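# What the coordinates show
Letter by letter, the chains look like this.
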Amino acid sequence: FWRRSVVSDPALDTTPEVAAELRRRLLARSGSERAVMAARMFHTVKALAESRARAAGVVDGVEVRLAVLRHLYGDELSAETYEGVRARLQAQRAR
């Protein structure tokens, strides 16, 4: 839900002038700088999602990873996909 609303209506709390300036500054960076920024943001979101899962009482490593996956992808992935991921993670852990 939140990803779609942010994508469809960027900078909800920002004036159009400030949003334009932020976009200009972002596009002034090189492609590699923007890629590094995106990677850092992705890793931050993953860490926050993991922290949130652990704060909610999820302690099993497989379930933490699934909670992160659900946070990132929500209903874009089917229940069957989540169960398949769970099975693969459990199999990896059993090795």
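Read on for a plain summary of the structure. (Residues numbered from 1 in each chain as written. Predicted model: local features only at pLDDT ≥ 70, side-chain atom pairs only at ≥ 80, totals over all residues. Heavy atoms only, no water.)

## Points about the overall build of the protein chain
Of regular secondary structure, the protein chain possesses five helices and zero strands. Listed N to C, the secondary structure of the protein chain is α-α-α-α-α in terms of helices and strands. The burial tally for the protein chain puts 13% of its 95 residues in the buried class. Residue pairs at least 24 apart in sequence account for 44% of intrachain contacts in the protein chain once pairs closer than 6 positions are excluded. (Helix = DSSP H or I, 4+ residues; strand = E, 2+ residues; numbered from the N terminus. Buried < 20%, exposed > 50% of the residue type's maximum accessible area, 1.4 Å probe, protein only. Contact = heavy atoms within 4.5 Å.)

## Thoughts on the packing of aromatic side chains
In this description, a pair of aromatic rings is defined by centroid distance and the angle of the planes. Counting across every chain of the model gives zero aromatic pairs. Taking NZ or CZ as reference, Arg70 lies 5.0 Å from the ring centre of Tyr82, over its face. (Phe/Tyr/Trp six-rings, centres within 6.5 Å; stacked < 30°, edge-to-face > 60°. Lys NZ or Arg CZ within 6 Å of the ring centre and 35° of its normal.)

## Remarks on the environment of Ser51
By the element assignment, Ser51 lies in helix α3 (residues 31–55). Through-space distance from the C-alpha of Ser51 to that of Val64 is 8.9 Å; in sequence the pair is 13 residues apart.

## What about the environment of Arg86?
Within the secondary structure layout, Arg86 lies in helix α5 (residues 79–94). When the C-alpha positions of Arg86 and Arg65 are compared, they lie 8.8 Å apart, and in sequence the two are 21 residues distant. Once residues within four sequence positions are removed from consideration, Arg86 is found in contact with Val62, Glu63, Leu66 and Arg70. One polar contact links Arg86 to Glu63, side chain to side chain, over a distance of 2.9 Å. (Polar contact = N/O pair within 3.5 Å; in protein donor to acceptor, adjacent residues only side chain to side chain.)

## Considerations on the side chain of Arg86
Taking the relative accessible area as the measure of exposure, Arg86 reaches 14% and is therefore buried. A polar contact of 2.5 Å, which involves the side chain of Arg86, links it to the side chain of Glu83.

## What to know about the nonpolar core
Taken as a class, soluble globular proteins show a tendency for nonpolar side chains to be buried jointly. Counting residues in hydrophobic clusters, the biggest one holds six residues: Val62, Leu66, Leu69, Tyr82, Val85 and Leu89. Those elements that provide at least two residues to this core are α4 (61–73) and α5. Apart from residues lying up to four places away in sequence, Leu89 is in contact with Val62 and Arg65. (Core = buried A, V, L, I, M, F, W, Y, C linked by side-chain atoms within 4.5 Å.)

## A few points about the packing of α3 against α4
It is at 9 Å that the axes of α3 and α4 come closest, and there the two elements cross at 125°. For the element pair α3 / α4, the angle class is oblique. When the axes of α3 and α4 are compared, the crossing they make is right-handed. Residues Phe42, Val45, Lys46, Ala49, Glu50, Arg52, Ala53 and Arg54 of α3 lie in contact with α4, whose contacting residues are Val64, Ala67, Val68, His71 and Leu72. Here the residues of the contact of α3 with α4 sort into eight nonpolar, one polar and four charged. (Axes fitted to C-alpha atoms, helices over the stretch in contact; angles between N-to-C directions. Parallel < 35°, antiparallel > 145°, perpendicular 65-115°, else oblique. Left-handed = near helix turned anticlockwise from the far one by under 90°. Nonpolar A, V, L, I, M, F, W, Y, C, P; charged D, E, K, R; others polar.)

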